[in-house]
Amino acid sequence: MSRHFDEENPLVQVRLEKLQKLRSMGLDPFAVERYPITHPLEAIHEQFETLEGQTVCVAGRIFSIRQMGRATFAHLMDTTGKLQIYLKADELGERYSLIDLWDLGDYLGVKGFVFRTRTGEITVHVQEFTLLAKAVRPVPFPKEKGEQRWFELHDVEQRYRQRYLDLLVNPESRRRLLARCRIVSEIRRFLESEGFIEVETPVLQPMAGGAAARPFITYHNALQREFQLRIALELYLKRVLIGGIDKVFEIGRVFRNEGISTRHNPEFTMLELYQAYANLEDIMELVERLFRTVAERVFGTTVFEMHGVQVDFSQPWRRVRLMDAIHEYTGLTEADFETLERAAQAAEKLGIHIERKDTVGGIIEKVLEKCVAEHLQQPTFVYSFPIETSPLAKREPDNPRFTRRFEGYVFGKEVANAFSELNDPLEQRERFEQQLALRQAGDEEAHPYDEDFLHAMEYGMPPAGGLGIGIDRMVMLLTGTDSIREVIFFPQMREG
RNA sequence: GAGCCGGUAGCUCAGCGGUAGAGCAGUGGCCUUUUAAGCCAUUGGUCGUGGGUUCGAUUCCCACCCGGCUCACCA
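Described in the following lines is the structure provided in the data block. The model shown is predicted, which means the values in this text are computed figures rather than measured ones. (Residues numbered from 1 in each chain as written. Chains lettered and ligands numbered in written order. Predicted model: local features only at pLDDT ≥ 70, side-chain atom pairs only at ≥ 80, totals over all residues. Heavy atoms only, no water.)

### Remarks on the protein's contact with RNA strand B
Put simply, the rule reads: Summary of the distance rule: residues count as near a molecule or strand when at least one heavy atom falls within 4 Å of that molecule or strand. Between N or O atoms, a polar contact is any pair within 3.5 Å; within protein, one atom must be a potential hydrogen donor and the other a potential acceptor, and residues adjacent in sequence are included only when both atoms are from side chains. Going along the chain from the N terminus, every DSSP run of H or I of four or more residues is numbered as a helix, and every run of E of two or more is numbered as a strand. Lys, Arg, Asp and Glu make up the charged group, whereas Ala, Val, Leu, Ile, Met, Phe, Trp, Tyr, Cys and Pro make up the nonpolar group; the residues left over, Gly among them, are polar.
Inspection of the region around RNA strand B gives 58 residues, with Thr119, Lys143, Glu157, Ala212 and Glu407 positioned closest. A share of 60% of the atoms of RNA strand B within 4 Å of the protein falls on sugar and phosphate groups. Between RNA strand B and the protein, one listed contact pairs a base nitrogen with a backbone N or O atom of Gly69 at 3.1 Å. Separating a base oxygen of RNA strand B from a side-chain N or O atom of Gln84 is a distance of 2.5 Å. Considering each element in turn, the surface near RNA strand B owes the most residues, five residues, to helix H5 (residues 156–161). In terms of residue class, the surface near RNA strand B is made up of 18 nonpolar, twelve polar and 28 charged.

Below you can see the structure in the form of structure tokens.
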């Protein structure tokens, strides 16, 4: 796929010649700035009863064209839909021949009256038209009839690299990506209606914390220092909480320096929220309400299906202790994880690869990932996570090896992560020290020791429940999509 | 990082040792309510890149690039 302007391409040449002709007639399409439309295209269909016989102005891209001598039919397309237009030579005079200078993909504005053709299609009978912009490169619009389409843009690489073409040409892609926009919008609306305030916190951070992941490094010239791109929103949102904003959230891009896969893009969108005076169970209920509300508002249903499994977000989610879930699906008991040695043995038996840096808690989470997650098809909260992998969560009072943390699973995939947040600055300091030890033992993703954050917490942080949701993965499950790239407008690609 | 599959015209694809094909799009012609419009004619390709084998390579071999899937790494 060449990135230069290939004027030698005959298809481009033809279009450039047409552009030249238009310009020589004083009809430069690129000189046009505005076209006063009276209706989006879909509105003509919706309001046909009242619009029949009325004059309207509409605009869109030429999606198809059928010239039949002295009469021409074409379809325009805009964000809302498509509309047929009809042009007659004996009414348009010399201007009729300008149609020869049109190509698929050109932007056209027309004025005319609304009618129904002999075959019943709602159409605008054009009296005046203006070419509003030209496509000098061929746009691969498909042929279509009803729901059937031919010669569609299929090449996955091209669909991702040139998403504008994918959006233009493939209705499924458009639907899926627009669904993403509406999901984000409805999440905001829901949280605001629950009294949460949206804030924006730094992307450039001295020390990226709040999650276990390697950061991207960048450099600030004037300050002559490195910064890290954030890997989570957590620590700054907690500072806001300490600042007295009791219900706070952020929807923002985070960056993790990892491999790319069907489920991982180096930059992705997180929702995090914190609610003072709320605990883990309150957050569970909030998650249930969030999914139910967004599902209803965006899709008009709470029932979703993926790979033949049906889930219903109008129902409460199952709640299960992590160790109980492990017992249920592997037969292992807590005793099997008493010591690092036993835990490693148990995991190896399940075919899980253990590394030197793994802790008992790390191994437990691996077992969850490899052997349990796939069974959690119905919406499930798995709670009570090991303390080693949860340095920012409160300890369980009667079980100090575990924390007040849950992960939400749907269709076997993790979609939410939440805790009763640790707000004891003395314990937080100890937890950071433990993480430091892990880091020194070779765990690059151990949580960094953030003195500034500790300082903030020492002024007093309220008891609070916190939640993180990967928006991209939430969109995947609500749209039944297997690849994260399909729900990101411009997924990361190697240089092409 | 490993394995498998793929990259041929603007788009969708076929071809697979003898100097490249179809449909649609494009171009020219006929056609004043068509709709995958139709009919006739026609243009268009360094067959991902670079090496090698061969009289000859899109086709066989090697390396590389890009993509997809699976696994690994990774929330």
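Moving on from the model shown.
### Details of the packing of aromatic side chains
Rules: The rule is short: rings of Phe, Tyr and Trp, with Trp giving its six-membered ring, pair when the centres are within 6.5 Å, and they are stacked under 30 degrees, edge-to-face over 60, tilted in between. Relative accessible area decides the class of each residue, using a 1.4 Å probe on protein chains only: under 20% of the type maximum gives buried, over 50% gives exposed, and in between gives partly exposed.
What the rule picks out here adds up to 14 aromatic pairs. Seen from their ring centres, Tyr86 and Phe115 are 6.0 Å apart, and the 50° between their planes marks the pair as tilted. Of the two residues, Tyr86 is situated in strand S3 (residues 82–88) and Phe115 in strand S4 (residues 107–116); the sequence distance between them amounts to 29 residues. With respect to class, Tyr86 is no different from Phe115; both count as buried. For the ring pair Phe432 and Phe453, a centre distance of 6.3 Å and an interplane angle of 50° mean the geometry is tilted.

### Some thoughts on the nonpolar core
Nonpolar side chains in soluble globular proteins tend to end up buried together. Operational definition: By nonpolar core we mean a set of buried residues, namely Ala, Val, Leu, Ile, Met, Phe, Trp, Tyr and Cys, connected to one another through side-chain atoms within 4.5 Å. We call two residues in contact when some of their heavy atoms are within 4.5 Å.
In terms of nonpolar packing, the biggest core is built from 43 residues, with Ile187, Leu271, Phe291 and Phe313 touching the most fellow members. Of all the elements, helix H9 (residues 280–299) adds the most residues to this core, at ten residues. Apart from residues lying up to four places away in sequence, Leu271 is in contact with Ile187, Leu191, Phe249, Glu250, Ile251, Leu290, Leu467, Gly468, Ile469 and Ile471. One finds Ile85, Val114, Val126 and Phe129 within the second-largest nonpolar core, a separate group that totals 28 residues.

Structural measurements only, silent on function.
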